[in-house]
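# Report on the structure
Chain residues, written in single-letter form:
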Amino acid sequence: MTTTDTRIVGPLVETPVSHATGADFVISALQSARRTILQFFRTPQLLMLGTVQGALFLFMFRYIFGGAINPGGGLDYVDFLVPGFLVTGILWLGMPASSGVAEDAATGVHDRLRSLPIPRSSVMFGRSIADTALTLWGMSVATALAFVVGFRLHAAALDVALAVALLVVAVYCFTWIFITIGLVSNSAQAANGMATLLVIPLAFVSAAYVPGRSLPGWMQPVADHQPFTVLSNALRSLMLGGSEAVGLGHSTTYWVALSLAWCAGIFLVFATIAVTRFARRR
Amino acid sequence: MTPIIEARGVRKRFGDVDALAGLDLVAESGHVTAILGPNGAGKTTFVSGVATLLRPDAGQILVAGIDAGAEPKRVREIIGLAGQYASVEAAMTGTENLRMVARLFGLGRRDAAIAAASVLERMDLADAGDRLVRTYSGGMRRRLDLGASLVGRPQLLLLDEPTTGLDPRGRTELWAAIQNLVADGTDVLLTTQYLEEADQLARHIVIIDHGRAITAGTPDELKDRAGRNVIEVRPRSAGDLPAVEEALARIGSEVPQTDLDARRVTARVDGGGDQLRDLVRVLDERAIEVDDVGLRRPSLDEVFLAVTGTHLDPTDPHADPQSAVPDAA
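Residues numbered from 1 in each chain as written. Chains lettered and ligands numbered in written order. Predicted model: local features only at pLDDT ≥ 70, side-chain atom pairs only at ≥ 80, totals over all residues.

## Some thoughts on the overall build of chain B
Short version of the rule: Working definition: helices are DSSP H or I runs of at least four residues, strands are E runs of at least two. Numbering for both runs from the N terminus. Three classes are used. A residue is buried when 20 or more other C-beta atoms lie within 10 Å of its own, exposed when 12 or fewer do, and partly exposed in between, with C-beta atoms placed from the backbone. Residue pairs are scored as contacts if the distance between their C-beta atoms, which are placed from the backbone, is within 7 Å.
The helix and strand inventory of chain B stands at eleven helices and 14 strands. Per-residue burial over chain B gives 51% buried out of 329 residues. Here the analysis covers contacts within chain B between residues at least 6 apart in sequence; of these, 68% occur between residues at least 24 apart.

## Overview of the interface of chain B and chain A
Note the threshold: In the scheme used here, Gly and all other residues not listed as nonpolar or charged are polar, with Ala, Val, Leu, Ile, Met, Phe, Trp, Tyr, Cys and Pro taken as nonpolar and Asp, Glu, Lys and Arg as charged.
Between chain B and chain A, the contact holds 39 residues from the first and 39 residues from the second. Counting only elements with at least two residues in the side of chain B that touches chain A, the list comes to α2 (72-78), β6 (79-82), α3 (94-104) and α4 (109-122) of chain B. The greatest single-element share of the side of chain B that touches chain A, amounting to six residues, is contributed by α4(B). By residue class, the composition of the side of chain B that touches chain A is 17 nonpolar, ten polar and twelve charged.

## A word on unusual backbone geometry
For residues besides glycine, phi is generally negative; the peptide bonds are generally trans as well. Residues and elements named next belong to chain B. Although it is not a glycine, Ala 64 sits at a positive phi angle of roughly 50°. In this structure, Ala 64 sits in the loop between β4 (58-63) and β5 (66-67). Backbone geometry places Arg 263, a non-glycine residue, at a positive phi of 50°. Residue Arg 263 is classed as partly exposed on the basis of its 18 C-beta neighbours within 10 Å.

## Examining the packing of α3(B) against α4(B)
Residue and element names in this part refer to chain B. This is how the line gets drawn: In this analysis, axes come from line fits to C-alpha atoms, helices being fitted only over the stretch in contact, and the angle between any two N-to-C directions falls in the range 0 to 180 degrees. Any angle between 65 and 115 degrees counts as roughly perpendicular, while under 35 counts as roughly parallel, over 145 as roughly antiparallel, and the rest as oblique. Rotating anticlockwise by less than a right angle from the far helix to the near helix defines a left-handed crossing, while the corresponding clockwise rotation defines a right-handed one.
Close contact between α3 and α4 brings their axes to 8 Å; oriented N to C, the two are set at 125°. On the basis of their axis angle, the class for α3 and α4 is oblique. The element α3 and its partner α4 pack so that their crossing is right-handed. Facing Gly 94, Thr 95, Leu 98, Arg 99, Ala 102 and Arg 103 of α3, the residues of α4 in contact are Ala 112, Ala 113, Ala 115, Ala 116, Val 119 and Leu 120. The residue makeup of the contact of α3 with α4, split by class, is eight nonpolar, two polar and two charged.

## Section: the pairing of strand β1 (residues 5-14) of chain B
All names here are of chain B. Where we set the bar: When DSSP finds two or more bridges between two strands, those strands count as paired.
Judged from the five bridges that link them, β1 and β4 form a sheet pairing that is antiparallel. Each bridged residue has a counterpart across the sheet, and for Ile 5 the counterpart in β4 is Val 63. In this sheet, strand β2 (residues 17-27) lies alongside β1 in antiparallel orientation, the contact comprising eight bridges. Bridge assignment links Ala 7 to a residue of β2, and that residue is Leu 25. The antiparallel hairpin formed by β1 and β2 contains two residues in its connecting segment, where Gly 15 sits at a positive phi of about 60°.

## Focus on the confidence of the model for chain B
Caution applies to low-pLDDT regions: their predicted coordinates should not be interpreted in detail. Residues and elements named next belong to chain B. Basically, it comes down to this: Note on scores: pLDDT gives the predictor's confidence for each residue, bounded by 0 and 100.
Averaged over chain B, the pLDDT score is 86; the fraction of residues at 70 or greater is 94%. Segment residues 316-329: pLDDT under 50, and 26 contacts once partners within four positions in sequence are set aside and those in other chains are kept. This complex was scored by the predictor with a pTM of 0.82 and an ipTM of 0.86.

## As for the nonpolar core
For soluble globular proteins, nonpolar side chains are generally found buried alongside one another. Keep this limit in mind: Nonpolar core, as used here: buried Ala, Val, Leu, Ile, Met, Phe, Trp, Tyr and Cys residues forming one set through C-beta atoms within 7 Å.
Membership of the largest hydrophobic core comes to 159 residues, with the highest contact counts inside it found for A:Leu235, B:Val50, B:Val63, B:Val151 and B:Leu158. A total of 14 residues in this core trace back to one element, the largest contributor, which is helix α7 (residues 157-184) of chain A. In terms of nonpolar packing, the next biggest core, distinct from the first, is built from twelve residues, B:Ile231, B:Ala267, B:Val269 and B:Leu283 among them.

## Thoughts on the sheet that holds strand β11 (residues 229-235) of chain B
Think of a sheet as strands paired side by side through backbone hydrogen bonds, with each pair either parallel or antiparallel. Residues and elements named next belong to chain B. What the four strands build is an open sheet, ordered β12-β13-β11-β14; its pairing is antiparallel. Sheet topology places β12 (257-259) and β14 (290-296) at the edges, where each strand pairs with a single neighbour. Ignoring strand direction, the axes of neighbouring strands in this sheet form an average angle of 15°. When β11 meets β14, the two strands line up antiparallel, connected through six bridges. From the neighbouring strand, Val 230 faces β14, where its bridge partner is Arg 296. Across the sheet, helix α9 (residues 241-251) is in contact with β11, β12 and β13 (264-269); its angle to β13 comes to roughly 5°.

## A look at the confidence of the model for chain A
Mean pLDDT over chain A stands at 90; residues scoring 70 or higher make up 93%. pLDDT under 50 marks residues 1-18 of chain A. Its contacts with residues more than four places away, or in other chains, come to 37 contacts.

## A word on helix α4 (residues 96-106) of chain A
Residues and elements named next belong to chain A. Summarising burial for α4: ten of the eleven residues are buried, a large majority. Among all positions of α4, only Pro 96, Ala 97, Ser 98, Ser 99, Gly 100, Val 101, Ala 102, Asp 104, Ala 105 and Ala 106 are buried. Within two residues after α4, Gly 108 carries a phi angle of roughly 85°, on the positive side.

## Remarks on the environment of A:Arg35
By the element assignment, A:Arg35 lies in helix α1 (residues 25-42). Spatially, the C-alpha atom of A:Arg35 lies 8.9 Å from that of A:Arg127, the residues being 92 residues apart in sequence.

## A few points about the environment of B:Ala247
Residues and elements named next belong to chain B. Its place among the elements puts Ala 247 in helix α9. C-alpha of Ala 247 to C-alpha of Val 280: the two residues are 33 residues apart in sequence and 9.7 Å apart in space. Not counting chain neighbours up to four residues away, the residues in contact with Ala 247 comprise Leu 279, Val 282 and Leu 283.

## Details of the sheet that holds β2(B)
Residues and elements named next belong to chain B. Strand order in the open sheet formed by four strands is β2-β1-β4-β5, with antiparallel pairing between adjacent strands. The sheet is open, and its two edges are formed by β2 and β5, each paired on a single side. Note: β4 against β5, two bridges, orientation antiparallel. Pairing of Val 63 across the sheet is with Ile 66, part of β5.

## Considerations on the packing of α7(A) against helix α11 (residues 252-279) of chain A
Residue and element names in this part refer to chain A. Direction vectors running N to C along α7 and α11 enclose 30°, while the axes themselves pass 8 Å from each other. Judged by the angle between their axes, α7 and α11 are roughly parallel. Helix-helix and strand crossings are classified by hand; for α7 and α11 the assignment is left-handed. On α11, the residues that touch Leu 166, Val 169, Ala 170, Cys 173, Phe 174, Trp 176, Ile 177, Ile 179, Thr 180, Leu 183 and Val 184 of α7 are Val 256, Ser 259, Cys 263, Ile 266, Phe 267, Phe 270, Ala 271, Ile 273, Ala 274, Arg 277 and Phe 278. Taken together, the residues of the contact of α7 with α11 sort by class into 19 nonpolar, two polar and one charged.

## Some words on α11(A)
Applicable threshold: In this analysis, the expected span of each helix is defined as 1.5 Å times one less than the number of residues it contains.
With 28 residues, α11(A) extends 40 Å from end C-alpha to end C-alpha; this agrees with the ideal 40 Å at 1.5 Å per step. Contacts made by the buried residues of α11(A) are with α6 (120-148), α7 and α10 (227-239) of chain A.

Okay, here's the thing in structure tokens:
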């Protein structure tokens, strides 16, 4: 550093560092992540929403709609449902990140962070790590409950491990959509509204909760190709013993590869937008 | 000596609004500089420029001689920013908040703990350090926010309307905290729309309006420049206000101003003592009872009125605290 701070500020002289040069990327990302995670676990409303919401939805589909839905191929609806349910958890559990990010922008937290000598991109990476952890927390609770209401795995341990890994990757990549929504919204309410408009069609116009063929014909081309159908098919194939066992046309590898392609695309596009947007000087 | 802030011809446009329209400003090291101006004058925009949050369309801002446009990272190493909101995390304790910011400034775990403890002490929050910020009063939050901008031991502290929204007690406490800092030698740039605040805290005041610096100087210099002293009368009964106004009209050099709410009539006068004596005689002849009568120097509001032709009104109902760029509104 060419500048040396020779100013003596009261008792702070005890601090042996003579000049603040700023945290590196990793420390800065972890500190940002820690803040978001503490905020979640110490704010009852957030904790309740993130923990109980999944359980409510699961009960609703398992016991209220489930009786009317026939997944075909001799599958139990609960076995059919849970993989799709976990996949749409990416949406439902990821949504609150939008209002969280918008709130941080509106209350000056972002300005404070942007005024610090840290790599600006680290803040949003920290946020994405935290939001992934929180979504996975909600999914863990939902998964435990899924076993209670009768869900059983029908696959080899390796396939189940792959399913979990795919889910983690997907959660991480899709989180960036919600972060981006938060950054481009003017308020937490606006962010929440925008996220809802995105989440509802993505979650329901898909094969996540019902077999794709039960949707009206005009809806099928959209539903068949959107990422949450692809992810549901991949997870179902991995968890229930292969794509033939769940009545799908392509191989398990096909669905997993297509899922990963979607994840990579979403990550590249939205992480770029979010990081640029946060770092830019207006 | 290099000024702590030197701004030349800074321009920034948001849509159709010129938030900054060629602002020139020099803040010397060693004292508090206050930017005083009404809502929308460009205060926040300017501070954001100094803090490297936005890039001016034209002009240059030097912070301790460093070009904020060309070397933002070096500027961020020597500034601390406390914005218009207490941007501390409500779900973390005071200590956790300060340690986090200290870590972000690059301090190690141990040093961050030491820095956080000493800042809490200085902000008179040591007892509340282990409580969640959610339980703090508004004034405590602002003090913690001020503390958060200090843990990196900045050379320059930027305070954007630090007391807006605080009750009088919180304001007084925050003023005391700021005065302490100054005594320790941190340079401070603060923006305010409260004249009293600028008068209390700053040795150098820059008055800005419509994105331009209109005048600058010490509070005394500004008052001298606004010229005439002011005679102020508060009759006991509001019914006497017109009579007082009439009496003052004969003595003052300009049309008197009547403030009904404060039950007060003021008028600028060319001299001082003679006019006051005359006035008291007239009031006595007419048997008007007064609660207060006095001669005083012009207030900063009158300075503002003299240089801009409009009043500075911090109670502006159109002020929008939610707007991301309030000064551009």
